[in-house]
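Summary of structural features
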Amino acid sequence: MTRTWQTAPAVGHPLTRIEGLDKVTGHARYAGDIALPGLVHGWVVPATVARGRVRALDVGAALAMPGVLAVLHRENAPRLADIGEGTLFLFQNDRVPHHGAPVALVIADTPERAREAAERIRVDYFEEPHDVLFRPDHPGLYEPDHVNPRLPTVTDKGDVDAALAGAAVLVDGEYRTPAQHNNAMEPHSSTAAWAERRVTVFTSTQHAFGTARTLTRLFGFDPGTVHVVSEHVGGGFGNKGLPRPDVVLAVMAATLVGRPVRVTLTRPQLFALTGYRTPTAQRVRLGADADGRLVALEHRAASQTSTLLEFTEQSASYSRAMYASGNLRTSHRVVALDVPTPRWMRAPGEAPGSFGLESAMDELAEACGVDPVELRLRNDTGTEPESGLPFSSRRLADCLREGARRFGWAGRDPRPAARRDGRWWRGTGVAGAHYPARTAPTVAHATALRDGGYVVRVGAADIGTGARTALTQLAADALEVPVDQVRLLVGDSDFGLAQVAGGSMGTASWSWPVMTACHDLARRLASGEPIPPDGLTSTFDSTEAVGARRDVARYAFGAHFAEVAVDVATGEVRVPRLTGVYAVGRVVNPLTARSQLVGGMTMGLSCALLEESMMDAGTGDFLNHNLADYHVATNADVRDLDVAFVDDPDDELNPAGVKGLGEIGIVGVPAAIANAMWHATGVRQRELPINPARAAL
Ligand code: MOS
């Protein structure tokens with residue numbers, strides 16, 4: 001394939017995805033597409049009770065079926081080390097932790113035969129009473145030792161109670177968000193194949209290196225035994241950030257039958273086995289002076305986890321960094337239920353937490369009679385409210401002002417329920433946004449070849465974001481060559497230490513060693529160093545450099561503006577316009593960056609109006625575990641999405657000046673829409689999703 005596009009510098013240009021043609025012509029191979037000789041297929045047998053133990057497993061009928069090689073279960077499964085990853089500790093005991101947990105895996109020559117045999121397996125259970133419904137007053141709620149990603153559970157600065165008691169204006173709101181599932185287009189799929197004491201695993205993951213590391217510890221393998229390959233990934237949104245049962249089952253099964261085994265999960269199985277966003281209940285109390293300046297902010301969040309693993313969504317952490325308040329308290333509680341394990345889903349913490357705080361800020365604006373954009377500007381701050389650290393850069397105010405200008409906010413009539421247009425009530429709303437700008441250690445290798453080409457290897461993952469393209473641009477500029485001279489390889493655990501494609505820190509983390517290794521290689525070539533037959537390679541590990549940075553607060557900022565139209569009769573909500581303005585450090589590729597933000601805003605819209613995983617109290621199953629019943633926003637729901645950037649030069653980040661922009665697009669969008677709902681109808685929407693039943697007047 002030739003690419004005609006070339007210019008220098010490459011960074012800042014809207015280069016189309018390097019693998020785009022391969023993807024749209026079907027040449028790109030996803031994990032479930034890899035052809036291997038002798039490949040057989042595993043099919044999960046899910047538990048049909050929510051809690052209990054397996055009393056007996058009758059696999060006789062399944063084993064007698066044509067094409068069936070084996071049934072994997074607790075009596076023949078390889079032993080695993082208990083590494084504190086309960087969701088992966090499969091077939092090690094007879095416990096059923098939740099509905100849909102694997103109790104066996106059928107291995108057959110085709111997926112169809114494996115599936116048919118799986119349905120013939122008879123499982124008898126000792127059933128126990130189960131508890132699967134989250135509620136904010138659940139007696140089992142407790143304060144965990146820390147919250148995701150190892151943040152403190154509680155922070156408490158100043159005297160919140162005294163400040164609230166003395167405040168001129170008070171807001172006290174309870175906000176609820178439902179369980180939501182990540183639902184990438186490509187389901188989780190893993191294929192494991194042993195050859196010469198090494199197991200190669202083709203899997204759909206945001207983190208090949210981390211998957212290899214976890215499998216090595218879990219199975220007690222010698223270092224170097226596991227090789228994880230993940231060239232293309234059809235979406236992740238967090239639930240491919242860590243290994244899931246499919247990868248463990250594939251390795252177990254390949255070990256048992258001595259042939260390559262593929263395990264692909266079905267959409268309903270994804271709902272039980274790969275993670276989801278916990279439901280949350282949040283209480284936000286704001287105290288302010290008469291002009292709307294905060295004197296006290298308290299944000300308390302409750303969420304659920306499973307009995308397999310303690311995962312606590314950091315929803316209240318959003319309030320630690322957003323608006324100035326001398327008195328600031330945040331806290332979290334969690335309850336362990338007999339449910340599938342909630343994990344990362346795009347902007348964990350910030351996405352639900354921003355619904356709480358940014359909704360409460362709108363209520364404060366109403367209470368003080370201050371414009372909601374102006375209120376946020378009044379509560380802007382130069383230092384991180386909780387820590388007191390300076391921000392590396394914080395251009396929230398510029399995002400708010402530029403967003404207001406683009407959206408046409410000026411002259412907005414603040415009165416609620418004052419704009420009726422035929423059958424539609426109309427309104428507009430705003431919310432701020434931030435997302436941490438993290439950078440983490442990674443290794444990269446840059447190689448000059450004798451034919452004039454360059455190969456750069458880094459254990460990154462391109463989950464559809466355009467990461468491969470952005471890294472190629474950064475590498476080309478560092479080497480001072482056109483982009484089509486650089487081949488950038490990702491998705492391979494053998495490339496060494498790498499950061500997950502998650503937490504919006506992928507490009508920020510991977511670019512550091514990529515650029516440094518490329519600079520070093522260019523210097524060596526310029527000094528006349530000869531290229532050996534297998535190429536001249538420079539390697540860089542950013543661990544030390546990342547650790548040596550100054551202690552400052554690093555965040556991307558943004559502002560979201562929404563217009564809604566609410567059908568007076570049916571409660572149908574439409575969002576004709578969304579505007580997002582972002583300060584995200586350097587924009588390496590404006591085309592793929594915009595796509596990330598359009599995707600995030602769409603997910604925010606989807607979260608505001610549609611997405612809700614419904615837990616069935618009787619079975620412990622998510623009832624709407626398919627894309628017919630679990631509604632995700634489609635093109636028809638998305639109208640005018642406007643994305644813009646404000647300049648955000650920031651040299652306290654990483655050599656690329658990148659803050660990351662995968663997640664900030666979702667943060668604040670549900671609140672902007674809920675705030676617009678109030679403006680349209682005069683009714684506060686404190687619970688998501690704002691479906692017709694909730695929106696009906
Ligand atoms: Mo994101 S939830 O860190 O993939």
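On a predicted model such as this, the values are computed, not experimentally measured, just so you know.

Broken down by element type, the chain carries 16 helices and 26 strands. The C-alpha radius of gyration of the chain comes to 26 Å, within 12% of the 26 Å expected for a compact globule of 697 residues. Relative to its full complement of 697 residues, the chain shows a buried share of 62%. By sequence separation, contacts in the chain at least 24 residues apart represent 81% of the contacts at least 6 residues apart.

Turning next to empty space enclosed by the protein. One pass over the structure, following the stated rule, counts three cavities of 30 Å³ or more. Roughly 60 Å³ of internal volume is contained in the largest cavity. In terms of residue class, the lining of the largest cavity is made up of three nonpolar, six polar and three charged.

Here we take up the pattern of salt bridges. Counted according to the given criterion, the structure contains 45 salt bridges. The closest approach of N and O atoms between D137 and R135, which form a salt bridge, is 3.0 Å. Here E313 ties to R277 by a salt bridge, and the two come within 3.3 Å at their closest N and O atoms. With E313 in the loop between strand 16 (294–306) and strand 17 (328–337) and R277 in the loop between helix 7 (267–273) and strand 15 (280–288), the pair connects residues that are 36 residues apart, well separated along the chain. For the pair E313 and R277, one class covers both residues: buried.

In this chain, N148 is followed by P149 through a cis amide linkage whose omega measures -15°. Tracing the backbone shows P149 in the loop between strand 7 (146–147) and strand 8 (151–152). In the segment running from L688 into P689, the intervening peptide bond is cis, with an omega of -5°. Note on placement: P689 falls in the loop between helix 15 (669–681) and helix 16 (692–695). For N183, which is not glycine, the phi torsion reads 50° and is therefore positive.

Once that is clear, we can look at the packing of aromatic side chains. Geometry of an aromatic ring pair is reported as the spacing of the ring centres plus the angle between the planes. Across all of its chains, the model carries 11 aromatic pairs by this definition. When the centroid spacing of 6.4 Å and the interplanar angle of 45° are considered together, the rings of F407 and W409 count as tilted. With a centroid separation of 5.4 Å and an interplanar angle of 75°, the aromatic rings of W409 and F561 are classed as edge-to-face. One end of the pair, W409, is in the loop between helix 10 (396–407) and strand 18 (420–421); the other, F561, is in strand 24 (residues 555–567), with 152 residues separating them in the sequence. Residue W409 is classed as buried on the basis of its relative accessible area of 5%.

As a further point, take the confidence of the model for the chain. Summarising the model, the chain shows a mean pLDDT of 97, and 99% of its residues fall at 70 or more. Under a pLDDT of 50 for its full length, residues 1–5 has, in the predicted model, 11 contacts with residues more than four places off or in other chains.

Counting 84 residues, the largest nonpolar core has L286, L357, L364, V564, L578 and I673 as the members making the most contacts within it. Broken down by element, the residue count for this core peaks at nine residues, all from helix 14 (residues 590–609). Discounting chain neighbours no more than four positions away, the residues touching L286 are L164, V169, L170, V171, L294, A296, L297, L357, A360, M361 and L364. Of all hydrophobic cores here, the second largest spans 38 residues; its members include A460, I463, L479 and L521.

What follows is about the sheet that holds strand 24. The strand order 18-19-24-25-26 describes an open sheet built from five strands, whose pairing is mixed. Single-partner strands in this sheet number two, and they are strand 18 and strand 26 (640–645). Taken together, the two bridges between strand 18 and strand 19 (residues 424–436) define a ladder with antiparallel strand orientation. When the sheet's bridge partners are listed, R420 is paired in strand 19 with W425. Across the sheet, helix 15 touches strand 19, strand 24 and strand 25 (573–583), and the angle it forms with strand 19 is around 155°.

Strand order in the open sheet formed by seven strands is 3-5-1-14-11-12-13, with mixed pairing between adjacent strands. Edge positions in the sheet fall to strand 3 (68–72) and strand 13 (226–229), since each of these pairs with one other strand and no more. Pairs of neighbouring strands in the sheet enclose a mean axial angle of 20°, with direction left out of account. Direction of pairing for strand 1 (residues 40–46) relative to strand 14 (residues 261–264): parallel, over a ladder of three bridges. Within strand 14, the residue paired with G42 across the bridge is V263. Packing against the sheet, helix 5 (residues 208–219) makes contact with strand 12 (198–203) and strand 13, and its axis sits at approximately 150° to strand 13.

Glancing now at the environment of Q473. Its place among the elements puts Q473 in helix 11 (residues 467–479). On the basis of relative accessibility, which here comes to 0%, the residue Q473 falls in the buried class. The contacts of Q473, once residues within four sequence positions are left out, are A10, V11, G12, H13, L15, V483, V588 and N589. In this structure the side chain of Q473 is engaged in a polar contact, spanning 3.0 Å, whose partner is the backbone oxygen of A10.

For the rest of this paragraph, the subject is the pairing of strand 25. Within strand 25, eight of the 11 residues are buried, which leaves it mostly tucked inside the rest of the structure. Summarising the sheet, strand 24 and strand 25 pair through nine bridges and their orientation is antiparallel. Its bridge partner being in strand 25, E563 is matched across the sheet by R577. Where strand 24 hands over to strand 25, the hairpin turn is made up of five residues, of which G571 adopts a positive phi near 80°.

Pairing between strand 25 and strand 26: six bridges, direction parallel. Looking across to strand 26, one finds that V581 is bridged to A644. For the handedness criterion, the β-α-β arrangement of strand 25, helix 14 and strand 26 is classed as right-handed.

Okay, the side chain of D462 next. Turning to its location among the elements, D462 is positioned in the loop between strand 21 (454–458) and helix 11. A residue is classified by how much of its surface remains accessible, and D462, at 1% relative accessible area, is buried. From its side chain, D462 meets the backbone nitrogen of G464 in a polar contact 2.9 Å long. Setting aside residues up to four positions removed in sequence, D462 forms contacts with E19, V233, A467, R468, T469 and V490.

When you line up the elements, S230 lands in the loop between strand 13 and helix 6 (245–257). Residue S230 is classed as buried on the basis of its relative accessible area of 3%. Side-chain polar atoms of S230 contact the backbone oxygen of T203, separated by 2.7 Å. Residues in contact with S230, not counting those within four places in the same chain, are T203, S204, T205 and G491.

Parameters at a glance
Residues numbered from 1 in each chain as written. Predicted model: local features only at pLDDT ≥ 70, side-chain atom pairs only at ≥ 80, totals over all residues. Heavy atoms only, no water. Helix = DSSP H or I, 4+ residues; strand = E, 2+ residues; numbered from the N terminus. Rg over C-alpha atoms; globule rule 2.2 N^0.38 Å. Buried < 20%, exposed > 50% of the residue type's maximum accessible area, 1.4 Å probe, protein only. Contact = heavy atoms within 4.5 Å. 1 Å grid on protein atoms, 1.4 Å probe; cavity = no way out; pocket = protein on both sides within 12 Å on 5 of 7 lines; lining within 4 Å. Points joined across faces, edges and corners; volume = space filled by probe spheres on them. Nonpolar A, V, L, I, M, F, W, Y, C, P; charged D, E, K, R; others polar. Salt bridge = Lys/Arg side-chain N within 4 Å of Asp/Glu carboxyl O. Phe/Tyr/Trp six-rings, centres within 6.5 Å; stacked < 30°, edge-to-face > 60°. pLDDT = per-residue confidence, 0-100. Core = buried A, V, L, I, M, F, W, Y, C linked by side-chain atoms within 4.5 Å. Pairing = 2+ DSSP bridges. Axes fitted to C-alpha atoms, helices over the stretch in contact; angles between N-to-C directions. Polar contact = N/O pair within 3.5 Å; in protein donor to acceptor, adjacent residues only side chain to side chain. Right-handed = clockwise from strand over helix to strand, strands pointing away.

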